Amino acid sequence: MKGKNTERVSIKSLLETLKDIFRLSLPYKTRFFSAVLLVVVGSAIWLTVPLGLRSLLDAVFEQENYALLNKLSLGLIGLFLTQAIFTFGGNYHIEWVGERVITDLRNSIYAHLQKLSFSFFANRRLGELTSRLSNDVGSIRVALTDSLPQIITISITMIGSVSLMVVLNWRLSLVIFLTVPVVTVATRFFGKKIRALSKNVQDKLADTTAIAEETLSAIRVVKSFTTEEYEINRYRQATEELFATSRHKIVLTQVFWAGVGLMFMGTLVMIFWYGGREVLSARLSAGDLVAFIVYALNISRSVGQASRLYTAVNTAAGASERLFELQQEKIEQDNKFNKNNSYSRKTIKGRVEFDQLCFSYEDGKQVLDTLSFEINDGQTVALVGESGAGKTTLLNLIPRFFNPTKGEIRVDGVSVNDWDLTNLRSFISVVPQETHLFGTSIYENIRYGKLDATKTEIEQAAIDANAHEFITQMSDGYQSLIGEKGVKLSGGQRQRIAIARAILRNPSILLLDEATSSLDSVSERQVQQALERLMENRTTLVIAHRLSTIQHADCILVLERGTLVESGTHEELLYKEGIYANLYELQFSEKVDI
């Protein structure tokens, strides 16, 4: 599906976008086409109503036939009832298909988001993505469930009405045809502008959603810095920009609708005038004129609906562009799609090698520079260095959250680029400094490490993580809800839940990113004990915030500006009296964390 350039919008490109949207309904084509058939029959029945009215009027005014009048009246009631049944059936099934397609689309977009790379999310605002899942999909829903029945009804009504009008009186039909070129030009002119504005409105709406999302998720920071008024004004400014853009769209839309409506009202006056002359000249019966006027009203109503429909579809087209652009984002490079170049195992030893590794972000700034070292299976290696030295970046390269600019990382002798990505990550657990927990129960948060884990396994993981005691003291135990991001728990409790999750996963490679840096002494001791259990017989790479926690590491690597400057055990590095020794002396003499 291809996003269209809004600067080259035309009716043709709009139809292409509609085709993209309606293509989503193909899995339900049997129900879809059955619904279309029902709507077609219902619309066709409606076209016979003016002919029935003509016969009714002629029976009264010309034939004065009461029996025929009664029969025609009953016939019209039957027509209305039949038409209502067909229309109901058609609209119901079309709406069912629309809702089903939108559900599939939401699931598809969400699944695609899950497969996108870490770098994609690093460059996007969460609220913008949320807006695409909710607001943009909602606009497409309108095109499918509301617009499609109208398109069918309008098309049949206009084609059928024009054809029957020509049959009734071709001279009078010319009055209607005079308005077609004007309406076509107006539709093309306003359609381009409305569609561009619709996309702009969706963008502004995404901005407001992003601001609300990030502010509410950081409400503790907002309140601690007493910036409520600042955030209120920031959100108000975004909504005012949304209002200004929406107002511009409303003005164009209403001018378009009003202009088309005025044109057809004028056309009706011309039909009354010219048709009245035809009746007075006995070239047209009163019943024919009424039937003709009803068909003209049908056309007028259809054109009015079409103008509104055109606006709604343009809005959906703007939303679909944003969604289809999102679907075109490349997923993480995963070798499972290339079976000839995919490596996977059921178990690994956990040996990790870094060979001439270089990395820079999109701005080109070098973060890691020709790093080479190895971690044998079961070893614990600590990374030390000032902020910005590249420690966290190095950890992110092992599970391929980012890919190296140059060089290679090998796990058990195989380049991580050749591993099946899902298989590789199944052997790795990350315990970050800022733990993210889900707003469900403690049980579900621990189970996240192994979705098929038993209750016994989950409780044992909590025991090993020093979390079982505080969990059982809570009112609902393991079923206690912990709030958004675990807000109901202390920092140490959140960290122990995260460790329990990692223990349950039973990884071969463990990545610890300053897991105890923000804890008090008591919480740090409990978490450190849990970490020591977790690190047993596992390859561990740990970023050290407090040097006291890494003195027993098998090897300590000191990074400076992305370069490896020192390596060795704690005692060896103290003996060298280099950067590590200075950091150690500074921390323990002034109680400063590194």
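Located above this text is the structure these notes cover.
What you see is a predicted model; the values in this text were computed from it and never measured.

### Observations concerning the packing of helix α7 (residues 170-177) against helix α10 (residues 228-280)
Reasoning step 1: Taken N-terminus to C-terminus, the directions of α7 and α10 make an angle of 165°; their axes are 10 Å apart at the nearest point. The angle between the axes of α7 and α10 places the two elements in the roughly antiparallel class. Seen from above, α7 lies across α10 with right-handed handedness. On α10, the residues touching R171, L172, V175 and I176 of α7 are T267, M270, I271, Y274, G275 and E278.

### Some points on α10
Within an α-helix, residues lying three or four positions from one another point in the same direction, as the helix has 3.6 residues per turn.
Reasoning step 1: Taking 1.5 Å as the rise per residue, α10 with 53 residues should run 78 Å; its terminal C-alpha atoms sit 75 Å apart, in good agreement.
Reasoning step 2: One or two positions beyond α10, positive phi appears at A282, with a value near 65°.

### Observations concerning the sheet that holds strand β4 (residues 406-411)
Reasoning step 1: Read from one edge to the other, the open sheet built from four strands follows the order β2-β1-β4-β5, with strand pairing classed as antiparallel. The sheet is open, and its two edges are formed by β2 (366-375) and β5 (414-415), each paired on a single side.

### Quick notes on the packing of aromatic side chains
Reasoning step 1: A complete count under the given rule lists eleven aromatic pairs for this structure.
Reasoning step 2: Note on Y28 and W96: the rings are 5.9 Å apart at their centroids and 85° apart in plane angle, and the pair reads as edge-to-face. Note that Y28 is positioned in the loop between α1 (11-23) and α2 (29-47) and W96 in helix α4 (residues 66-115), a separation of 68 residues in sequence.
Reasoning step 3: Look at W96 and you get partly exposed, because its relative accessible area is 32%.
Reasoning step 4: With centroids separated by 5.6 Å and ring planes inclined at 90°, the aromatic side chains of Y361 and F402 adopt a geometry described as edge-to-face.

### Some remarks on the side chain of S441
Reasoning step 1: Examined against the element boundaries, S441 turns out to sit in the loop between β6 (428-431) and α14 (442-447).
Reasoning step 2: Engagement of the side chain of S441 in a polar contact is seen with the backbone nitrogen of E444, the distance being 3.1 Å.
Reasoning step 3: When sequence neighbours within four positions are dropped, the list of residues in contact with S441 reads Y478, Q479, S480 and L481.

### A closer look at unusual backbone geometry
Reasoning step 1: Look at N506: it is not a glycine, yet its phi comes out positive at around 55°.
Reasoning step 2: At N537, a residue that is not glycine, the phi angle is positive and equals roughly 60°.
Reasoning step 3: Within the secondary structure, N537 sits in the loop between α18 (521-535) and β8 (539-543).
Reasoning step 4: Taking relative accessible area as the criterion, N537 reaches 78% and is therefore assigned exposed.

### Regarding the side chain of H112
Reasoning step 1: Turning to its location among the elements, H112 is positioned in helix α4.
Reasoning step 2: Ignoring anything within four residues of it in the chain, the contact list for H112 reads L326, Q327, E329 and I331.

### Some remarks on the sheet that holds strand β10 (residues 563-568)
Reasoning step 1: As summarised here, the arrangement of the six strands in space is β6-β7-β8-β3-β9-β10, forming an open sheet in which the pairing is mixed. Either end of the sheet is taken by a strand with one partner, and the two such strands are β6 and β10. In this sheet, adjacent strand axes meet at a mean angle of 20° when their direction is disregarded.
Reasoning step 2: Here strand β9 (residues 555-560) pairs with β10 via five bridges, running antiparallel. Directly across from E560, in β10, lies its bridge partner T563.

### Brief notes about the nonpolar core
Nonpolar side chains in soluble globular proteins generally cluster together in the buried interior.
Reasoning step 1: With 52 residues, the main nonpolar core has I109, L113, M165, I271 and L323 as its most contacted residues.
Reasoning step 2: Sorting the residues of this core by element identifies α2, α4, α6 (126-168), α7, α8 (180-217), α10 and α11 (286-327) as the ones contributing at least two each.
Reasoning step 3: Here this core gets twelve residues from one element, more than from any other, and that element is α11.
Reasoning step 4: Non-local contacts of M165, meaning those with residues more than four positions away in its chain, are made with W170, S173, I176, F292, Y295, A296 and I299.
Reasoning step 5: I482, L510, L534 and Y580 belong to the second-largest nonpolar core, a separate cluster that totals 42 residues.

### Some thoughts on the pattern of salt bridges
Reasoning step 1: According to the stated counting rule, one finds eleven salt bridges in the structure shown.
Reasoning step 2: The salt bridge partner of R351 is E353, with a shortest N-O separation of 3.0 Å.
Reasoning step 3: The class of R351 is partly exposed, set by a relative accessible area of 27%.
Reasoning step 4: Here E353 ties to R410 by a salt bridge, and the two come within 3.5 Å at their closest N and O atoms. Here the residue E353 occupies a position in strand β1 (residues 352-360), and R410 occupies one in strand β4, the gap between them amounting to 57 residues. Each member of the pair E353 and R410 is classed as buried.
Reasoning step 5: Where salt bridges share partners, they join R351, E353, D355, E374, E408 and R410 into one cluster.

### Points about the pairing of strand β7 (residues 509-513)
In summary, the side chains of a regular strand alternate between the two faces of the sheet.
Reasoning step 1: Within β7, five of the five residues are buried, which leaves it mostly tucked inside the rest of the structure.
Reasoning step 2: Neither face of β7 is left uncovered, since the one carrying I509, L511 and D513 and the one carrying L510 and L512 both have all their residues buried.
Reasoning step 3: Relative to β7, β6 runs parallel, the two sharing four bridges. In the sheet register, V430 faces β7, and the bridge partner there is L511.
Reasoning step 4: Of the pairings in the sheet, the one linking β7 to β8 comprises five bridges and is parallel in character. Bridge pairing links L512 to V542 in β8.

Criteria and thresholds
Residues numbered from 1 in each chain as written. Predicted model: local features only at pLDDT ≥ 70, side-chain atom pairs only at ≥ 80, totals over all residues. Heavy atoms only, no water. Axes fitted to C-alpha atoms, helices over the stretch in contact; angles between N-to-C directions. Helix = DSSP H or I, 4+ residues; strand = E, 2+ residues; numbered from the N terminus. Parallel < 35°, antiparallel > 145°, perpendicular 65-115°, else oblique. Left-handed = near helix turned anticlockwise from the far one by under 90°. Contact = heavy atoms within 4.5 Å. Expected span 1.5 Å × (residues − 1). Pairing = 2+ DSSP bridges. Phe/Tyr/Trp six-rings, centres within 6.5 Å; stacked < 30°, edge-to-face > 60°. Buried < 20%, exposed > 50% of the residue type's maximum accessible area, 1.4 Å probe, protein only. Polar contact = N/O pair within 3.5 Å; in protein donor to acceptor, adjacent residues only side chain to side chain. Core = buried A, V, L, I, M, F, W, Y, C linked by side-chain atoms within 4.5 Å. Salt bridge = Lys/Arg side-chain N within 4 Å of Asp/Glu carboxyl O.

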